[in-house]
Amino acid sequence: LMQSLDRTILSPLTMVVADTDNTSERRLLHADPTFSTCTFVKIPRSREVGQSYLTSIFSTGLAFCKTVGVVARTRPDLVLINGPGTCLPIAYTTLFFRMAGIFQGKLIFVESFCRVQSLSLTGKLLYPVADRFIVHWEELLQKFPRSELVSTFIQHDQKKQ
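Along each chain, the written sequence defines residue order, and numbers are assigned to residues from 1. Reporting in this predicted model follows two pLDDT cut-offs: at least 70 for local features of residues, and 80 or more for side-chain atom pairs to be given and counted; totals over whole chains, interfaces and linings ignore these cut-offs and use all residues. The basis for every side-chain value is the complete set of heavy atoms in the structure, and neither hydrogens nor water enter the calculation.

Student: Mind showing me how you'd approach the sheet that holds strand E4 (residues 106-110) here?
Tutor: Strand-to-strand pairing in sheets goes through backbone hydrogen bonds, with the strands running parallel or antiparallel. Should DSSP find at least two bridges between two strands, the strands are regarded as paired. By definition, any uninterrupted DSSP run of H or I lasting at least four residues is a helix, any uninterrupted run of E lasting at least two residues is a strand, and each is numbered from the N terminus. Reading across from one edge, E3-E4-E5-E6 is the order of the 4 strands in this open sheet, with parallel pairing throughout. Either end of the sheet is taken by a strand with one partner, and the two such strands are strand E3 (78-81) and strand E6 (147-149). Each strand axis lies, on average, 25 degrees off the axis of its neighbour in the sheet, ignoring direction. Direction of pairing for strand E5 (residues 132-135) relative to E6: parallel, over a ladder of 3 bridges. The residue bridging valine 135 from the neighbouring strand is leucine 149, located in E6. Two residues form a contact once any of their heavy atoms are found within 4.5 Å. As a rule, the C-alpha atoms of each element are fitted with a line to give its axis, helices using only the stretch in contact, and angles between N-to-C directions run from 0 to 180 degrees. Against the sheet, helix H3 (residues 87-99) contacts E3 and E4, and its axis sits at roughly 155 degrees relative to E4.

Student: Please clarify how the pattern of salt bridges should be interpreted in this entry.
Tutor: Pairing between side chains of opposite charge can happen when their charged atoms approach one another. By definition here, a salt bridge exists when the distance from a side-chain nitrogen of Lys or Arg to a carboxyl oxygen of Asp or Glu is within 4 Å. Overall, the coordinates contain 2 salt bridges when judged by the stated rule. For arginine 98, the salt bridge goes to aspartate 131, with nearest N and O atoms at 2.7 Å. Of the two residues, arginine 98 is situated in helix H3 and aspartate 131 in the loop between helix H4 (121-126) and E5; the sequence distance between them amounts to 33 residues. Where arginine 132 meets glutamate 148, a salt bridge forms, and the shortest distance between an N and an O atom there is 2.6 Å. Of this pair, arginine 132 sits in strand E5 while glutamate 148 sits in strand E6, and the two are 16 residues apart along the sequence.

So this is what it looks like as structure tokens:
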């Protein structure tokens, strides 16, 4: 996903990852060392895997508080998101600033590749508000007509023989 970005147009890049994510930054830099020019920002996750919904109210509030500063400072033209814990606060903070007329950041959500029949909770929350909503499977495209199908390494149109 990141390697196909035209960084001559999309610059500067700010990558936001969860403060408990110990691999994304390292993996991105290993795959393409030129991403070392990007700014990496860590924010709390809204909800950790297995965290109760009750306590996630507080962690989500904290994530929103941290996110407001990041989004206000960067004023993104484009927000490309694909994950659960960190992307909801970023998406909704961006939408808030857009509705307030502060900037016009576009929101593109890429649903998880493993979602074939139904959307993730994050996808369900962002489908109505995302400017573009990307899926990997024809089944989701049929159920969610505003979505867009992207090509993957799996051929979708092969007929069983």
